[in-house]
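# Commentary on secondary and tertiary structure
Here is what each chain is made of, one letter per residue.
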Amino acid sequence: MSAEAQLEAFLDIISSSARRAIAEYKKAGNSIPTINSTEFHPLDSAIDTVELKKAIRLLEGTCQQLCASLAPPQHTIVNLAKCFDWACLGIAHRKRIADVLDKHPKGLHVNKLSQVVGLDDDQLARVLRFLGSKGCFSEVDKDVFANNRLSLVTKNTNNTGCLIYRITVSPAGPCVLFDTLMDPEYPLLVSHLPSSFTIFQIFHKAMIGVGEVTGSLSIIYQYPWNGVSTVCDIGCSIGTFGIPLAKAHRHLKITNQDLENVIIEAREAMRLQAWGNEAQDVLQEQRVDFVALNFLEEALVSGKDVYYLRFILHDWPDTEVLIILRNLRKAMGPHSRLLIHTYHSDPTEDVGIDVPPEPMLPNFGAGSANLYSTDLGMLVLNNGKELSTLAATAGLRFERAYDFGCTVVLEFSLA
Ligand SMILES: C[S@@+](CC[C@H](N)C(=O)[O-])C[C@H]1O[C@@H](n2cnc3c(N)ncnc32)[C@H](O)[C@@H]1O
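One structure accompanies this document, and this report is about it. (Residues numbered from 1 in each chain as written. Predicted model: local features only at pLDDT ≥ 70, side-chain atom pairs only at ≥ 80, totals over all residues. Heavy atoms only, no water.)

### Thoughts on the overall build of the chain
Of regular secondary structure, the chain possesses 17 helices and 10 strands. Looking at the 415 residues of the chain, the share that counts as buried comes to 48%. Residue pairs at least 24 apart in sequence account for 71% of intrachain contacts in the chain once pairs closer than 6 positions are excluded. Carbon together with sulfur atoms contributes 56% to the accessible area of the chain, which is approximately 20800 Å² in total. (Helix = DSSP H or I, 4+ residues; strand = E, 2+ residues; numbered from the N terminus. Buried < 20%, exposed > 50% of the residue type's maximum accessible area, 1.4 Å probe, protein only. Contact = heavy atoms within 4.5 Å. Areas by Shrake-Rupley, 256 points an atom, 1.4 Å probe, with all protein chains shown as cover.)

Okay, structure coming up:
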């Protein structure tokens, strides 16, 4: 393909993928969001968003490749180096800027806002203006800031807001990434995190946020659950996957397994009706159970139809990944399936997921940014990795993959 043909192809992909996304918004509601929207669109809280995710993967990947092709290289590289996004988002979240602005739909002058949140007005305006340049918060008049659809996500009550907190309070890890790579033993860096990282409520709410950001609950509507009776969710958090699954498929019996202290949290969340009234029916009908487990040391409940692992293996170095997979293998019967839900899709392996159109990068480029940043996040936090290929070593046979646009589900049976 000639250089000019490549650029024309990018323009075509941008146009067609944006139109696919617009069609998804139209299907889910009357309006189409713009950067000036001040409220959420119904699609923002939808569970099955596979089509939108796939369109955005193409759009983001292509826009970045087109800009990197046409902009002067110095320009692109310095943009990469000067990344204040996470720092400014962290300030906005920790100072509850969106929560304050919520009470001022027409906007609030930075003089007043700075007094409420206890920051210098000039510095706060510069932080908010930076975020506004990326589409988060609007400067509706000179020095007057208001919420928009993006900044609403940073509110304290928002699950994704908790995820932002989780990500932005741990900058020490990335700051020592170079030193970590220089150390042949790759020490764990968890000790660099403030202890508030371990606050359970924030962590588990953030995990619900991860589900929302990645659209991974799409599996509830995309997997053939009709042929399944029993499910075991391993490392279930507070029922982040199991409860919505039980609500959607009333024939399923679901065992949720996690460490004992998490199971106590999960039962408490159920008692406080954190999952709404419908979840109480699920409990009363005894279709959902919470059972403590340490998957590194104990046997899992055996013989379930489906074992589900979402965002678990990337937390661990290879040795522990193998222990977890071998423990799982012992619990599985000939009919059992293991579903590993991850960001991973190795572009060098043909596992049957979508292939990007040429001339896009074979891994969708910036369309897969979440995969590669999570992979580095796991290196920094846990010495783990997103791209684990140890299933075969543990005696599991790959069956097929489900592509959800931002995440994939890899299905295995006993080898
Ligand atoms: C990254 S979270 C994923 C939670 C959930 N699967 C999700 O996708 O929202 C990892 C989970 O693994 C659990 N976990 C960590 N070590 C464990 C162990 N040794 N045995 C069982 N669960 C464990 C944590 O408590 C946490 O809930």
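On we go.
### With respect to the site of the ligand
Neighbouring the ligand are 16 residues; G235, D258, N294, F295 and R310 lie closest to it. Between the ligand and L293, the relevant distance is 3.4 Å, taken from a nitrogen atom to a main-chain nitrogen or oxygen of the residue. In this structure, R310 approaches the ligand through a side-chain N or O atom, which is 2.6 Å from an oxygen atom. For the ligand, the accessible surface in isolation is 590 Å², of which the surrounding protein chains cover 91%. (Near = heavy atom within 4 Å. Polar contact = N/O pair within 3.5 Å; in protein donor to acceptor, adjacent residues only side chain to side chain.)

### A look at the sheet that holds strand β8 (residues 337-342)
If you walk across this open sheet you meet the 7 strands as β6-β5-β4-β7-β8-β10-β9, and the pairing is mixed. Looking at strand neighbours, the two that pair on one side only are β6 (288-292) and β9 (396-403), the edges of this open sheet. The average angle at which neighbouring strand axes cross in this sheet is 20°, direction not considered. Sheet contacts for helix α14 (residues 260-271): β5 (253-258) and β6; angle to β6, the most-contacted strand, approximately 150°. (Pairing = 2+ DSSP bridges. Axes fitted to C-alpha atoms, helices over the stretch in contact; angles between N-to-C directions.)

### A look at the pattern of salt bridges
Counted under the stated rule, the structure contains 15 salt bridges. Ionic pairing is found between K155 and D102, a salt bridge with its closest N-O pair at 2.5 Å. Taken as a pair, K155 in the loop between β3 (144-146) and α8 (159-168) and D102 in the loop between α5 (97-101) and β1 (108-109) lie far apart in primary sequence, 53 residues in all. In this structure D102 comes out as partly exposed when scored by relative accessible area, which is 37%. For E285, the salt bridge is made with R287, and the minimal N-O distance between the two is 2.8 Å. (Salt bridge = Lys/Arg side-chain N within 4 Å of Asp/Glu carboxyl O.)

### Observations regarding the pairing of strand β4 (residues 230-234)
When you tally the buried positions in β4, you get 5 out of 5 residues, the bulk of the element. Side chains T230, C232 and I234 project from β4 onto one buried face, and the interleaved V231 and D233 project onto a second face that is buried too. For β4 and β5, the ladder comprises 5 bridges, and the chain directions are parallel. Within β5, the residue paired with C232 across the bridge is T255. Bridge count for β4 against strand β7 (residues 306-310) is 3 bridges, and the pairing is parallel. Each residue of the ladder has a partner; that of D233, found in β7, is Y308.

### Some thoughts on the packing of aromatic side chains
The tally for this structure, following the rule as stated, stands at 7 aromatic pairs. Here the aromatic rings of F241 and Y308 are separated by 3.8 Å at their centres, their planes lie at 25°, and the arrangement is stacked. Within this pair, whereas F241 is found in the loop between β4 and α13 (242-248), its partner Y308 is found in strand β7, the two being separated by 67 residues in sequence. Like F241, the residue Y308 is buried in the burial classification. Each member of the aromatic cluster is reached from another via a ring pair, and the members are Y223, W225, F241, Y308 and Y402. In this structure, R57 is placed above the aromatic ring of F364, and the distance from its NZ or CZ to the ring centre is 3.9 Å. Positioned above the aromatic ring of Y402 is the side chain of R400, whose terminal nitrogen or guanidinium carbon lies 3.8 Å from the ring centre. (Phe/Tyr/Trp six-rings, centres within 6.5 Å; stacked < 30°, edge-to-face > 60°. Lys NZ or Arg CZ within 6 Å of the ring centre and 35° of its normal.)

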